[in-house]
Amino acid sequence: MPEPRTADLKALKALANPLRQRILELLTAGGPATSTTLAQQLGVTSGGTSYNLRVLAENGFVAEIPERAHGRERWWRAVEHDVRLPPAGDQDDPAKAAIGELHRLWLAGDTELYERFERERPELGEWADAVPYSRGAIRVNLEELADFFEAYLALLKRYQRPDGETPPDARRVETRLLAFPAPAAEKEAGLG
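Residues numbered from 1 in each chain as written. Predicted model: local features only at pLDDT ≥ 70, side-chain atom pairs only at ≥ 80, totals over all residues. Heavy atoms only, no water.

Visitor: Help me out: how do you make sense of the pattern of salt bridges in this one?
Guide: In a structure, side chains of opposite charge can pair up when their charged atoms sit close to one another. Within this structure, the stated rule accounts for 14 salt bridges. One salt bridge in this structure joins arginine 74 and glutamate 64, with 2.6 Å as the shortest N-O distance. Taken together, the positions of arginine 74 in the loop between strand 3 (62-64) and strand 4 (75-78) and glutamate 64 in strand 3 put the pair ten residues apart, joining distant regions of the chain. The class for glutamate 64 is partly exposed, based on a relative accessible area of 34%. Between lysine 157 and aspartate 82 there is a salt bridge whose closest N-O contact spans 3.3 Å. Taken as a pair, lysine 157 in helix 6 (residues 142-159) and aspartate 82 in the loop between strand 4 and strand 5 (83-84) lie far apart in primary sequence, 75 residues in all. Exposure remark for lysine 157: the relative accessible area of 28% places this residue in the partly exposed category. What emerges from the salt-bridge pattern is a single network uniting Asp82, Arg84, Glu150 and Lys157. (Salt bridge = Lys/Arg side-chain N within 4 Å of Asp/Glu carboxyl O. Helix = DSSP H or I, 4+ residues; strand = E, 2+ residues; numbered from the N terminus. Buried < 20%, exposed > 50% of the residue type's maximum accessible area, 1.4 Å probe, protein only.)

Visitor: Would you take a moment to explain a nonpolar patch on the surface for this structure?
Guide: Taken together, the side chains of Ile138, Val140, Leu142, Leu145, Phe148, Phe149 and Leu177 make up a nonpolar region of the molecular surface, amounting to roughly 610 Å² of accessible area. As for its position among the elements, phenylalanine 149 is in helix 6. (Patch = residues over 30% accessible without salt bridge, like charges linked within 9 Å, V, L, I, M, F, W, Y side chains within 5 Å. Areas by Shrake-Rupley, 256 points an atom, 1.4 Å probe, with all protein chains shown as cover.)

Visitor: Is there a simple way to explain the sheet that holds strand 4 in this structure?
Guide: The pairing of strands in a sheet happens through backbone hydrogen bonds and is either parallel or antiparallel. With antiparallel pairing, three strands are arranged side by side in an open sheet as 2-4-3. Across the chains shown, the open sheet's two edge strands, defined by having one partner strand only, are strand 2 (33-34) and strand 3. Direction of pairing for strand 2 relative to strand 4: antiparallel, over a ladder of two bridges. Within strand 4, the position partnered with threonine 34 by the bridge is tryptophan 75. (Pairing = 2+ DSSP bridges.)

In structure tokens form, the structure reads like this:
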């Protein structure tokens, strides 16, 4: 896994685009594709996907696969990355706006993904009930929260193996972690 890097404004703007988010999702989940294939899946023009693939590539999120190219057909793949958002105190207004949009896109995408899972759940067989779910709270200081997050990432990375190293019955499982300070009203009521 690559070393963590803090996203600059250019990378934040590249990510805070709905079409680019969908392109990244398709390349990550489905593997390499051409801009034409992506365009068909997304219902947009191949010129639009080509442009957005180049923007993602300029920011290190996707890369061309030259050995798969045929004439003008270019193949693209998602690039492993560990991009961190800059701390709120280091964000100027354009960064805050891009991060706000990125968070909205991620939350909406996660909600849609879970709703799709629920619709397809009856056809998943033994995987239908494979939904470990936890809600909880921890009492930590900022340093401990950072340690908690890094421990979560380490655990996640432990199971992010190349296809050749996964068990034959393995399948992609989506994971999410959302942690945030309890709102002030909850803290005052002794709930935070």
